[in-house]
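# Reading the structure
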Number of protein chains: 2
Amino acid sequence: MTNSEILSNHLKNQGVKPSIQRIKIYEFIRNHAIHPTADDIYNHLVKEIPTLSVATVYNTMHLFEQKGIVRTISIDNHQTRFDWNMTPHGHFQCKVCGTIYDLEANLNQMNISELDGFQVDESHYYFKGLCKSCINK
Amino acid sequence: MTNSEILSNHLKNQGVKPSIQRIKIYEFIRNHAIHPTADDIYNHLVKEIPTLSVATVYNTMHLFEQKGIVRTISIDNHQTRFDWNMTPHGHFQCKVCGTIYDLEANLNQMNISELDGFQVDESHYYFKGLCKSCINK
DNA sequence: ATTCAATTTTAGAATAATTCTAATTTTGTA
DNA sequence: TACAAAATTAGAATTATTCTAAAATTGAAT
């Protein structure tokens, strides 16, 4: 099986009909664990698929989100980033280099009594500051 | 001292020259602990100050942020909300009624070892789901 | 293979939040 | 009262995202 076929099957298993665009987008987000924006995805893939449109990137990401393949994070205020890591985790963004680090800790372990009786569907957390390597410069 | 004079002094103490616009905006965010958007602030105050412009609201909020009077939160993706409560705390937003609840717990108590050697300047967390009163309907 | 409806993709227009710009107004001081 | 600095303003510009309607692709039924 080619790599493309493997990815195609992954998508099928998650209930997504695999078009070329969807496979390439899926491949991109899996290989670039950088929490890309729609723009990052578009600019990278338009070289390979010259007719690709931004609308397709957005459509696909919305579909992936619905199907539980990605989730969105909003650290920078006005630009959505996509994260293929669906385990409960958080982020740290360095103000200097912009890198977004994943943090393993699960927010749900905080056990917040104010939420008793509430139904919690999503939890998000993130820090901002300077990362180690930027401090050491 | 009138209420307006008290607020004016608050601003002075924080290093902000108190104009009418700034005092009214400050008053609004203190009396409406609803994490308002720039638009909420503008729409409410333009009735009182007909010449108010959105630019002034944004300018003022940026200034307040710089001076440590408010901070911004981004729960809804593309609309910044302002929070005058500067103690470390988090939020819960109900998907049905939209209400944003404050949560007292301080994220820093999580003590995340992956951040050893990092400088943490800001920490944010929030949950989404259904609030108690919407569940009981 | 051919037809046809359903699905997907597309280009570009529309929308909405925010920022920018340059002019005007206000403020405080000399 | 004059004047420079600061603040406000209207409206244009920018940017991310969504919408729209047309074109392309797909896949099932014949």
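Here, every reference points to the structure presented above.
Small disclaimer: the values here were computed from a predicted structure and weren't measured.

### What to know about the sheet that holds strand β5 (residues 119-130) of chain A
One open sheet holds the six strands; their spatial order is β4(A)-β3(A)-β5(A)-β5(B)-β3(B)-β4(B), and the pairing between them is mixed. At either end of the open sheet lies a strand with only one pairing partner, and these are β4 (100-103) of chain A together with β4 (100-103) of chain B. Along the sheet, successive strands turn relative to each other by an average axial angle of 25 degrees, direction set aside.

### With respect to the nonpolar core
Most often, soluble globular proteins have nonpolar side chains that are buried together. Grouped together as the largest cluster of nonpolar side chains are 26 residues, with contacts concentrated most on Tyr125 of chain A together with Tyr125 of chain B. Taken together, the elements giving at least two residues each to this core come down to β3 (90-94) and β5 of chain A together with β3 (90-94) and β5 (119-130) of chain B. In this view, Tyr125 of chain A contacts His89, Gly90, His91, Leu103, Glu104, Ala105 and Leu107 of chain A together with Leu107, Met110, Ile112, His124 and Tyr125 of chain B; residues no more than four positions away in its chain are not counted.

### Notes on the protein's contact with DNA strand D
Around DNA strand D, 17 residues are found, and the nearest of them are Tyr58 and His62 of chain A together with Ser19, Thr51 and Thr56 of chain B. Among the atoms of DNA strand D lying within 4 Å of the protein, the sugar-phosphate backbone contributes 86%. At 3.4 Å, a side-chain N or O of Lys17 of chain B approaches a sugar or linking oxygen of DNA strand D. Elements that contribute at least two residues to the surface near DNA strand D include exactly α4 (54-66) of chain A together with α2 (20-31) and α4 (54-66) of chain B. Tallied by class, the residues present in the surface near DNA strand D amount to four nonpolar, eleven polar and two charged.

Each value, and the rule that gives it
Residues numbered from 1 in each chain as written. Chains lettered and ligands numbered in written order. Predicted model: local features only at pLDDT ≥ 70, side-chain atom pairs only at ≥ 80, totals over all residues. Heavy atoms only, no water. Pairing = 2+ DSSP bridges. Helix = DSSP H or I, 4+ residues; strand = E, 2+ residues; numbered from the N terminus. Axes fitted to C-alpha atoms, helices over the stretch in contact; angles between N-to-C directions. Core = buried A, V, L, I, M, F, W, Y, C linked by side-chain atoms within 4.5 Å. Buried < 20%, exposed > 50% of the residue type's maximum accessible area, 1.4 Å probe, protein only. Contact = heavy atoms within 4.5 Å. Near = heavy atom within 4 Å. Polar contact = N/O pair within 3.5 Å; in protein donor to acceptor, adjacent residues only side chain to side chain. Nonpolar A, V, L, I, M, F, W, Y, C, P; charged D, E, K, R; others polar.

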